[in-house]
Amino acid sequence: AKSQNQEKVEYHINKRRKYVPQKNACLNKKERDLFYKLYFGLLDFTNQKYKIKSKLKIYKQKGLSPNDLSEIIEKLWQNKEAIITEFVLANPYKFSKEELEKVKEFKKGIRKIFFIMEYLEEYTAIMDEEKCYMIKGITSNIDEIIPYNNLPYIVITTILPFENKLIYDSLFFSMDIDFGVNFKKIAEKEYQNKMKYYHL
């Protein structure tokens, strides 16, 4: 019988053989700027509404720490219907009608634990227990953030519709669990059998 080490080595060799570096697997600059404008506006509104971090400014800010945002993000997604409806009515940042329509679409967002399964040239495949979603990165291709040899990789994130694509909310909260080769093979088999979704 093969030793565990041998299996591991073979597994990683096969993985490397199948890996295609991503190209164009994220938003373009115009889309990215618009996404941050809308999403950070929504987070800022959530933060003020629930007084989570009173000194934190989010809207139009650069270089925010994910740790500063995590509690606010959780709050938003726990109450997405109510917060987004209220935000659209109040329109605190004077968004255009088109922009508000895009924010309304965020109501379809799903926040939970996902497995990042595979990198394709223009998409990243990310799955939960029911479906597999083909998402785009925001500022960079996701294979630049999480190396392909770490896949399957478990994260908490939100996937949401934007500009007729699926994206994630720009933050992965990783759960550092190292799965054995057997588990990875089972997960990959499941991934192969799942329908791939490009829309919510």
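Colleague: Can you walk me through unusual backbone geometry in this structure?
Modeller: In most cases, non-glycine residues show a negative phi, while peptide bonds are predominantly trans. A cis amide bond links Leu151 with the next residue in sequence, Pro152, at an omega value of -10°. Inspection of the secondary structure assignment puts Pro152 in the loop between strand E3 (132-135) and strand E4 (153-162). Even without glycine at this site, Asn24 takes up a positive phi of about 60°. For Asn24, the location among the structural elements is in the loop between helix H1 (4-18) and helix H2 (29-50). Unlike most non-glycine residues, Lys94 shows phi in positive territory, near 55°. Mapped onto the fold, Lys94 is located in the loop between helix H4 (80-90) and helix H5 (97-105). For Lys94, a relative accessible area of 68% puts it in the exposed group.

Colleague: Whenever I open this one, the nonpolar core confuses me. Can you help?
Modeller: Side chains of a nonpolar character, in soluble globular proteins, are inclined to be buried together. Counting 48 residues, the largest nonpolar core has Phe35, Tyr39, Val103, Phe106 and Ile116 as its most contacted members. Mapped by element, the contributors of at least two residues to this core are H2, helix H3 (66-78), H4, H5, strand E1 (110-119), E3, E4 and strand E5 (165-168). Per-element tally for this core: the top contributor is H2, with eight residues. When sequence neighbours within four positions are dropped, the list of residues in contact with Val103 reads Leu38, Leu42, Ile84, Phe87, Val88 and Phe95.

Colleague: Would you explain the packing of H2 against H5 in this entry?
Modeller: What describes two packed helices is the angle between their axes and the distance between those same axes. The contact between H2 and H5 brings their axes to 11 Å, and the two run at 65°. With respect to H5, the element H2 is oriented roughly perpendicular. In the packing of H2 onto H5, the handedness of the crossing is right-handed. Seen from H2, the contacting residues are Leu34, Lys37, Leu38 and Leu42; seen from H5, they are Glu99, Lys102 and Val103. Tallied by class, the residues present in the contact of H2 with H5 amount to four nonpolar, no polar and three charged.

Colleague: Is there a simple way to explain the pairing of strand E2 (residues 124-127) in this structure?
Modeller: In E2, alternate side chains face the same way, and those of Thr124 and Ile126 on one face and Ala125 and Met127 on the other are all buried. Judged from the four bridges that link them, E1 and E2 form a sheet pairing that is antiparallel. Of the residues in E2, the one forming a bridge with Tyr119 is Thr124. Hairpin remark: E1 followed by E2, antiparallel, with four residues in the connecting loop.

Colleague: Would you explain the pattern of salt bridges in this entry?
Modeller: Opposite charge on two side chains permits them to pair, given that their charged atoms come into close proximity. Counting across every chain of the model gives 17 salt bridges. Here Glu31 ties to Lys165 by a salt bridge, and the two come within 2.8 Å at their closest N and O atoms. Here Glu31 is found in helix H2, whereas its partner Lys165 is found in strand E5, with 134 residues between them in sequence. Residue Glu74 is joined to Arg111 by a salt bridge in which the shortest nitrogen-to-oxygen separation is 3.1 Å. Of the two residues, Glu74 is situated in helix H3 and Arg111 in strand E1; the sequence distance between them amounts to 37 residues. Several salt bridges converge on common partners, so that one network encompasses Glu74, Arg111 and Asp169.

Thresholds, definitions, all that
- Residues numbered from 1 in each chain as written.
- Predicted model: local features only at pLDDT ≥ 70, side-chain atom pairs only at ≥ 80, totals over all residues.
- Heavy atoms only, no water.
- Helix = DSSP H or I, 4+ residues; strand = E, 2+ residues; numbered from the N terminus.
- Buried < 20%, exposed > 50% of the residue type's maximum accessible area, 1.4 Å probe, protein only.
- Core = buried A, V, L, I, M, F, W, Y, C linked by side-chain atoms within 4.5 Å.
- Contact = heavy atoms within 4.5 Å.
- Axes fitted to C-alpha atoms, helices over the stretch in contact; angles between N-to-C directions.
- Parallel < 35°, antiparallel > 145°, perpendicular 65-115°, else oblique.
- Left-handed = near helix turned anticlockwise from the far one by under 90°.
- Nonpolar A, V, L, I, M, F, W, Y, C, P; charged D, E, K, R; others polar.
- Pairing = 2+ DSSP bridges.
- Salt bridge = Lys/Arg side-chain N within 4 Å of Asp/Glu carboxyl O.

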